[in-house]
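# Results of the structural survey
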Amino acid sequence: MHKTIFAFATPEGRSAIAVLRLSGPECRAVCTKIAGDVPSPRTGSVRVLRDPRDGDVIDEAIVFWTPGPGSFTGEDCLEFHVHGSRAVRSALLATLGSLPDCIPAGPGEFTLRAFLNGKTDLVKVEGLADLLEAETQVQRRQAISQRSGAVHVRVGAWREKLLGAMALLEASIDFSDEDDVRTDLKSEVGNALGSLEIDLVREIGRARYAEVIRDGFKVAIAGPPNVGKSSLINALSRRDLAIVTEHAGTTRDILEASLEIDGMLVRFFDMAGLRDTEDPVERIGVERARALAASTDLVLWLRSSDQEMPPAPEGLAHEGRLRHIFTKADLCSASAFEPSRIYVSSKSGYGIAELIELIGELAATAAGRGEPAVLTNARQASCVSQCYEAVARAKSLLSVDSAEVVCEELRAANDALSRLTGRIGPEEVLGAIFSRFCIGK
Ligand code: GDP
């Protein structure tokens, strides 16, 4: 039998109020047993909660009863808003655990039930997970836009084009004795598929912007040992995060500090000094630093202003992703500064605000600046890429193969769009998505 799940939706620890949610067929019975009756639907009602085993008063609470299917999960739902003490929470959990057919919920299980009952789709679920994880205002706006159904509008238009092309091809199968697609139909279908290809490619390209917003704009702080990398990251994040010493080769691991610049999440990585070394531990750090530099959006290559420094190693960053930063500006006289160079001093704070401003500009550009992207993660972009590939195959087969073969590819393209919203999809994809949630969501 389908169990009734329960969990606190609010975090552990002391709080003014803690919210316990239940979903499943036992909600009505649980409410009667614990709160004495079932209050009017969707209205907060004050009730005394009792342990039905001995009548012990657990707390006075506000009870919300939401019968299915008009609830978040689509099932009967119940909420108890109790006082957020450890003792009240544990008494309520113990009471619920003693009731038949009631079990503690797993991570994301309420949302999973909502999905399985058709109350939401995968893209909206991912938007919800992003919203719960959002740290910056730009991330919050992107998640809200994802939940508003922008993807559906776009997918609906793509699907219409696909189905239109399939209808034309199927008509040619039904009404023609010939196996080949008629020439006039070929050009009509070819045009429709060509315009669909353009839409898909544009959206796949824009997915990169959304990725930068979700994962943050990544900045590697690189350079030879002792050039001031750790000090700069401390100055940027105004925290004593990295260890600063006068001995070369201290930062053996990669340290990260995050900053919100103009609503964007910017993640700084302080990396081991890039130099050839015999120390095996340091060498691992250097290798990891190189690999990370290759995957960041920006590499700041640090050089000391007061001495000759080696140039940035070959192949450290693509063109346009590398900026030379001259550190320890306080050790030079400002009259010796070259106008085209960026000087900073972690000690005096010189140039730090300007550097943050420059990084903010680059981050905003990488995030696309304009209207939010529709596809916001790698899974969504991959579904649309698969759709695109099938459409491209269909288009190339149009001139050489039968209408049935072309239709087969278009069906594959349509399936890829269905996987995007989760109409069809493998179990492991669902597992990966729902495990992102905390218990109680
Ligand atoms: P890293 O090895 O590149 O991470 O360099 P650190 O941040 O550990 O700094 C190495 C040394 O340079 C330390 O003694 C710092 O105090 C010093 N240092 C770092 N930044 C500055 C700066 O802006 N001005 C001056 N005068 N010294 C600095």
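You'll find the structure just up there.
Notes on the structure in this doc start here. (Residues numbered from 1 in each chain as written. Predicted model: local features only at pLDDT ≥ 70, side-chain atom pairs only at ≥ 80, totals over all residues. Heavy atoms only, no water.)

### Some details on the pairing of strand β1 (residues 4-8)
Under the convention used in this document: Each residue is assigned to one of three classes by its accessible area relative to the maximum for its type, calculated with a 1.4 Å probe on protein chains only: buried under 20%, partly exposed between the two thresholds, exposed over 50%. Each helix is a run of DSSP H or I of at least 4 residues and each strand a run of E of at least 2, with the numbering of both proceeding from the N terminus. Only when DSSP finds a minimum of two bridges between them are two strands counted as paired.
Where burial is concerned, most of β1 is hidden: five out of the five residues are buried. With burial as the criterion, each face of β1 is covered, one bearing Thr4, Phe6 and Phe8 and the other bearing Ile5 and Ala7. Note: β1 against strand β6 (residues 102-104), three bridges, orientation parallel. The partner of Thr4 across the bridge, within β6, is Cys102. Sheet topology places β1 next to strand β2 (residues 15-23); four bridges connect them, and they run antiparallel. Bridge pairing links Phe8 to Leu20 in β2.

### Things to note about helix α5 (residues 137-147)
So the rule is basically this: Each C-beta atom gives one direction from the helix axis, and the arc is the one those directions make.
Along α5, the residues that are buried comprise Val138, Gln139, Gln142, Ala143, Ser145 and Gln146. When α5 is viewed along its axis, its buried side chains cluster within an angular range of 160 degrees and face the same direction.

### A few points about the environment of Ala143
Topologically, Ala143 is positioned in helix α5. Residue Ala143 is classed as buried on the basis of its relative accessible area of 1%. Sequence separation of Ala143 and Asp130 is 13 residues, and the distance between their C-alpha atoms is 5.7 Å.

### Side note on a negative patch on the surface
The cut-off we apply is this: Excluding any residue in a salt bridge, patches collect residues exceeding 30% relative accessible area, merging like charges within 9 Å and nonpolar Val, Leu, Ile, Met, Phe, Trp and Tyr side chains within 5 Å. Surface accessibility follows the Shrake-Rupley procedure with a 1.4 Å probe radius. Residue values consider only the protein chains on display as shielding. Throughout this description, the term salt bridge denotes a Lys or Arg side-chain nitrogen within 4 Å of a carboxyl oxygen of Asp or Glu. Positive residues here are Lys and Arg, negative ones are Asp and Glu, while His and the chain termini are left out of the count. Where a charge lies is defined by one atom per residue type, namely NZ (Lys), CZ (Arg), CG (Asp) and CD (Glu).
There is a patch of like negative charges on the surface, built from Glu135, Glu260, Asp262, Glu354 and Glu357. Within the secondary structure, Asp262 is located in the loop between β8 (255-261) and β9 (264-270).

### Observations concerning the packing of aromatic side chains
Defined as follows: The aromatic pairing rule takes the rings of Phe, Tyr and Trp, using the six-membered ring of Trp, and pairs them if the centres are within 6.5 Å, calling planes under 30 degrees apart stacked, those over 60 edge-to-face and the rest tilted.
One pass over the full model with this rule turns up three aromatic pairs. Centroid distance Phe337 to Tyr343: 4.0 Å. Interplanar angle 10 degrees. Geometry classified as stacked. Among the residues examined, Tyr343 registers a relative accessible area of 10% and is labelled buried. An angle of 55 degrees between the planes, with centres 5.7 Å apart, marks the rings of Phe337 and Tyr350 as tilted. Residue Phe337 is found in the loop between β11 (322-327) and β12 (342-343), and its partner Tyr350 is found in the loop between β12 and α10 (352-366); the two are separated by 13 residues along the sequence.

### Considerations on the packing of helix α4 (residues 122-133) against α5
Here is the rule: Lines fitted to the C-alpha atoms define the axes, with helices restricted to the stretch that makes contact. Angles between their N-to-C directions range from 0 to 180 degrees. Orientation categories follow fixed angle ranges, with anything under 35 degrees roughly parallel, anything over 145 roughly antiparallel, 65 to 115 roughly perpendicular, and all other angles oblique. We call a crossing left-handed when the near helix sits turned anticlockwise from the far one by less than a right angle, and right-handed when that turn is clockwise. Throughout, a residue-residue contact means that at least one pair of heavy atoms, one from each residue, lies within 4.5 Å. In this count, Pro and Cys sit with the nonpolar residues alongside Ala, Val, Leu, Ile, Met, Phe, Trp and Tyr, while Asp, Glu, Lys and Arg are called charged and the others, Gly among them, polar.
Running from N to C, α4 and α5 cross one another at 160 degrees; their axes reach a closest spacing of 8 Å. Accordingly, the angle class assigned to the pair α4 and α5 is roughly antiparallel. The two elements α4 and α5 cross, and the hand of that crossing is left-handed. From α4, Val123, Lys124, Glu126, Gly127, Leu128, Asp130 and Leu131 reach across to α5, where they touch Arg140, Ala143, Ile144, Gln146 and Arg147. Within the contact of α4 with α5, the residues separate by chemical class into five nonpolar, two polar and five charged.

### Some thoughts on unusual backbone geometry
Pro69 follows Gly68 through a cis peptide bond whose omega is 5 degrees. Checked against the element boundaries, Pro69 lands in the loop between β4 (57-66) and β5 (77-84). Located in the positive-phi region is Arg42, a residue other than glycine, with phi close to 55 degrees. Relative to the helices and strands, Arg42 is located in the loop between α1 (27-35) and β3 (45-50). Although it is not a glycine, Asp262 sits at a positive phi angle of roughly 50 degrees. Under the relative-accessibility criterion, Asp262 is labelled exposed at 69%.

### Describing the site of the ligand
Spelled out, the test is: We call a residue near a molecule or strand when any one of its heavy atoms sits within 4 Å of it. Counting of polar contacts relies on pairs of N or O atoms within 3.5 Å, with two restrictions inside protein: one atom must be capable of donating a hydrogen and the other of accepting it, and residues adjacent in sequence are counted only when both atoms are side-chain atoms.
Of all residues adjacent to the ligand, which total 16 residues, the nearest are Asn226, Lys229, Ser230, Ser231 and Asp330. One of the backbone nitrogen or oxygen atoms of Gly228 is found 3.0 Å away from an oxygen atom of the ligand. The side chain of Asp330 places a nitrogen or oxygen atom 2.7 Å from a nitrogen atom of the ligand. Its free accessible area being 580 Å², the ligand has 88% of it covered by the protein chains. Taken together, the residues that form the shell around the ligand break down as four nonpolar, seven polar and five charged.

### Some words on the nonpolar core
Heads up, the condition is: In this text, buried Ala, Val, Leu, Ile, Met, Phe, Trp, Tyr and Cys residues form a nonpolar core when linked through side-chain atoms within 4.5 Å.
One finds Leu169, Val391, Leu410 and Leu420 to be the most contacted residues of the largest nonpolar core, which totals 32 residues. For this core, the secondary-structure elements that each account for two or more residues are α6 (150-175), α7 (183-215), α11 (378-397) and α12 (403-421). Core analysis: the second largest hydrophobic core is formed by 29 residues, Val212, Val219, Ile325 and Ala367 among them.

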